[in-house]
Each structure stands twice: as structure tokens, then as C-alpha cells.
Amino acid sequence: MRRITLLGTGLIGMFYTMSLHGRRGRDRVEVVYSRSNDRAKAFAGEWGVKRFTTSMEDAICDHETDTVIVALPNHLHEAAVIAAAEAGKSVLCTKPLGRNAAEARRMLEAVERAGVFHGYLEDLCYTPKTLHALESVRGGAVGKVLWVRSRETHGGPHSDWFWNKELSGGGAIIDLGCHCVEIARSFIGKEIRPVEVMCWGDTQVHPIDAEDHAVGLVKYENGAVGQFEVSWTFRGGMDLRDEVAGTHGTIWLNHWLRTGLEMFTAIGQSGYVAEKAESATGWLFPVGDEPGALGYVDMFADMFDAIEDRRAPRETFYDGYVVNAILDAAYASLASRQWASVELPIWRGAASSVNVAAIRDYDAEHILLKEERMMDGSLKLIVRSKATGEISERRE
């Protein structure tokens, strides 16, 4: 049983507490911190939290808690993590770990220097569909992963600080791209080094200093490519989709829209429909178990099991640091309009990864490029000569 200090009473703090206290869970938030006394008091009352405070130091150093969860705005992560590490508490931090790789690295070094457990709360890497798909990929179902496309779009974040570049570290890239980048890393293989990024982004709708829409490509040392599509300009709710393409298979994932629960109402539904839903009339897409669908339940199960088993969780501060380094390269590419290198002074993956093509022999003299069953029932094959490189057709 974990006794938790929760820092933050916003939407993410609510989702975390729903996950922790749900289904008769034994892990409990014992102390909640907010910068607003009214919000802290209201949150504690709503979720049955024993103590609340507006002192971050008191919350972190509470003698009855053993784990600190950081669910604060991005610019407050570093101070909270360092304080938790110095207090000797296990510390879990929401995404993104830092506003940039330098902040993330300082947090990583702080928890490792203190020797405390650390977990990066990247919930979308823990959705039930993602975990099942990852198991299939690791079992070889799609062959070598060549391309991962991850998309998160909606009409924009719910709190004012997200829109302030100084507080958040950026716009849609830092807010949503952190999810997409880590999803791609998970499927491609975290041991494979990301090498460079090409990114386009712009402010298409909102009068802000940061980007509200972006598309990027992340090249990996083994030839794989991760693609992220992020937007605060999408209308129609929240769109969370992933695609994985390999040499021998493909996986499509839709986590939020068109997931099997669809409802039409002409008169409207009172109250809440789903996160980022724009309307309560017409076609609606309610979500039965939002914390479960978004990965929070499995995420905390992994984190707390890892603490008890004395092992690293699936997502650590090191992963958060790598994600921040990739996003730094995305912003550098956005500024230069060229490919930008991913700078990783700390790299703990494979020393090198060779880009090996998936080659299938047709016969001793030819390589098979493509085979396809035609309308007349014949099998058409495209082959290439090993000796001359000539490409030709065969029929079987």
C-alpha cells in the first residue's frame, strides 16, 4: 500500500486520484497540495483526502507519506522533483518531465543521486490497447517496425498556463508531442537511438506565442521513423490514434473516437460526456472508463508493483529525458526549417543499430520484392536479380 502526497489539484490530479481510489484500491492520497487553499480544501473533500495544504514543503515532507506524485504545471516540475528526492520519497512525475532536456536531465540526476524510485507518468503508453499491441510487436507479429504514426489532437488544453510558452515550454509539441514520441519509441524499441528530427509547426488559429499545430518525423538509427501529429485546432473532441507498420504486419489503434460506444441524442445529454468533448447533442462518443482507457490504472499498477519488486517501471525519468531531447530537436528544426540532431549526452541504449533491410529470396539468383494475387487467380511476383539489379515479373 502506497501512502501518497499529491501535488496539484487540476484535471490530471483528478484523473490520478480517480485511478488510485477506484475499484476499492488500497493506495491512498493522504495529503494534497494546491497553490489555492480553496481548491485544496474542495479537492480533499471531494476525494476523501485526510489533509490538505498550500505548503509544498509540508506536503512533500509529511511523515505519513512515502510517495510523491507531481501533477503540477510544467514550470514547477523541477523544484518539486528535487524536493521530493531530497526528502527520500519515491517520486512520480507527470508528462512532460521538463520544459526541455536540460531540466529533465537535472531531475534525472537528482533522483539517481538520492537513490530514490522514479517513474515517468506517460499514461498513453499504458492504455490497454497499447499494452496488447506492444506484446504482439515484441512477439514478432509485425516483423521489424519501420514506421509508427501517433496522433493526438483536440481543441486545446483546459488551463491557462498551457497557453503561456514561458510556463509550459512550448505549445502543442511539448503538450501532446511528448505522448506521441514515447509511443513511437515504445514500438520501435527504446534501445534504438533517435538521431534527428524534421518538424513543421505554426500558430494557425490561436493568438499565442507557441505553436498550436505541428507535424514531425523522428529518424532512428536502425532506419525506423516515428511520426507525430499534434494539434490544438482539431474540432470534434479528442482524437487519439496510433499506427504501427512493420515488414510483416500492421496495427491500427483508436483510443478515444469510434471505439465502440456511440450514441445519438437530439435533445442533448446533461452533464459531462468525455474529456475534450465539444458538444452534448448529436452523435456522442462517451467513454465507459476514462482512467482505464487513458492508461492511468495500468500505469499506477506498474509503478507501485515496481516499487515493491525493487525494479524499474516501464517508464522512468530517463525515458522522460530522452523524450525532452527529441522535442528539443523538434523545436530546433521548427526554427531552422531543416533536420536537427537529437542531442543525448546521456545515452543508455544500444551502442549502435544497423539499418538492415528485410530481404526475402525468390530463388538463388533473385530477391523477391512483391507478390500479389491477381483477379484471374494467378500469383504475380516482382523480383530483382542479385547479379545485375534488373527488376522483372514472374507469374505462378
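What counts and what doesn't
Residues numbered from 1 in each chain as written. Predicted model: local features only at pLDDT ≥ 70, side-chain atom pairs only at ≥ 80, totals over all residues. Heavy atoms only, no water. Phe/Tyr/Trp six-rings, centres within 6.5 Å; stacked < 30°, edge-to-face > 60°. Helix = DSSP H or I, 4+ residues; strand = E, 2+ residues; numbered from the N terminus. Pairing = 2+ DSSP bridges. Axes fitted to C-alpha atoms, helices over the stretch in contact; angles between N-to-C directions. Core = buried A, V, L, I, M, F, W, Y, C linked by side-chain atoms within 4.5 Å. Buried < 20%, exposed > 50% of the residue type's maximum accessible area, 1.4 Å probe, protein only. Domains from an automatic or database assignment. Contact = heavy atoms within 4.5 Å. Salt bridge = Lys/Arg side-chain N within 4 Å of Asp/Glu carboxyl O.

The name given to the protein chain in an unreviewed UniProt entry is Myo-inositol 2-dehydrogenase, with Lacipirellula parvula as the source organism.

A. Up close: the packing of aromatic side chains. All chains considered together, the criterion is met by nine aromatic pairs. Their ring planes at 25° and their centres at 5.3 Å tell us that Phe15 and Tyr296 sit as a pair that is stacked. With a gap of 281 residues between them, Phe15 in helix H1 (residues 11-21) and Tyr296 in helix H10 (residues 296-309) connect regions that are remote in the sequence. Residues Phe43 and Trp47 carry aromatic rings whose centres are separated by 6.4 Å and whose planes lie at 45° to one another, so their mutual orientation is tilted.

B. Fine view of the sheet that holds strand E4 (residues 67-70). Taken in spatial order, the six strands of this open sheet run E3-E2-E1-E4-E5-E6, and their pairing is parallel. Taken across any chain shown, the strands that pair with only one partner, and hence form the sheet edges, are strand E3 (51-53) and strand E6 (118-121). When strand polarity is set aside, the average angle formed by the axes of neighbouring strands in this sheet is 20°. Sheet analysis places strand E5 (residues 90-94) next to E6, joined by four bridges and oriented parallel. The partner of Thr94 across the bridge, within E6, is Leu121.

C. Inspection of the nonpolar core at higher detail. The biggest cluster of nonpolar side chains holds 107 residues, and the ones touching the most others in it are Leu7, Ile69, Val70, Phe187, Phe300, Phe317 and Tyr321. Built from parts of two domains, this core gets at least three residues from each of domain 1 (3-120) and domain 2 (125-341). Filtering out sequence-adjacent residues up to four positions away, Phe187 remains in contact with Thr130, Ala133, Leu134, Val137, Val145, Val148, Val244 and Leu253.

D. Region of interest: the pairing of strand E10 (residues 225-231). For E10, the buried fraction is high: six of the seven residues fall into the buried class. Of the pairings in the sheet, the one linking strand E7 (residues 145-153) to E10 comprises seven bridges and is parallel in character. Bridge pairing links Thr153 to Ser231 in E10. Looking at chain direction, strand E9 (residues 213-220) and E10 are connected through seven bridges and run antiparallel. Its bridge partner lying in E10, Leu217 is registered against Gln227. The loop that links E9 with its antiparallel partner E10 comprises four residues; one of these, Gly223, has a positive phi angle of about 95°.

E. Spatial organisation of the pattern of salt bridges. Considering all chains together, one arrives at 29 salt bridges under this definition. Notably, a salt bridge pairs Arg185 with Asp319, separated by 3.2 Å at the nearest N-O pair. With Arg185 in helix H8 (residues 172-188) and Asp319 in helix H11 (residues 317-336), the pair connects residues that are 134 residues apart, well separated along the chain. Among the ionic pairs, Glu315 bridges to Lys190, the shortest N-O distance being 2.8 Å. Of the two residues, Glu315 sits in the loop between H10 and H11 while Lys190 sits in the loop between H8 and strand E8 (194-202), which places them 125 residues apart along the sequence. The exposure class assigned to Glu315 is buried, which follows from its relative accessible area of 2%. The network of salt bridges with shared partners includes Arg149, Arg151, Glu229, Asp239, Arg241 and Glu243.

F. Structural detail: the sheet that holds strand E17 (residues 379-385). Taken together, three strands build an open sheet; the order of strands is E16-E17-E18 and the sheet is antiparallel. The strands lining the two open edges of the sheet, one partner per strand, are strand E16 (366-373) and strand E18 (391-395). Across the sheet, the mean angle separating the axes of adjacent strands is 25° when strand polarity is ignored. Where E16 meets E17, seven bridges bridge the pair, whose relative direction is antiparallel. Across the sheet, His366 pairs through a bridge with Ser385, a residue of E17.

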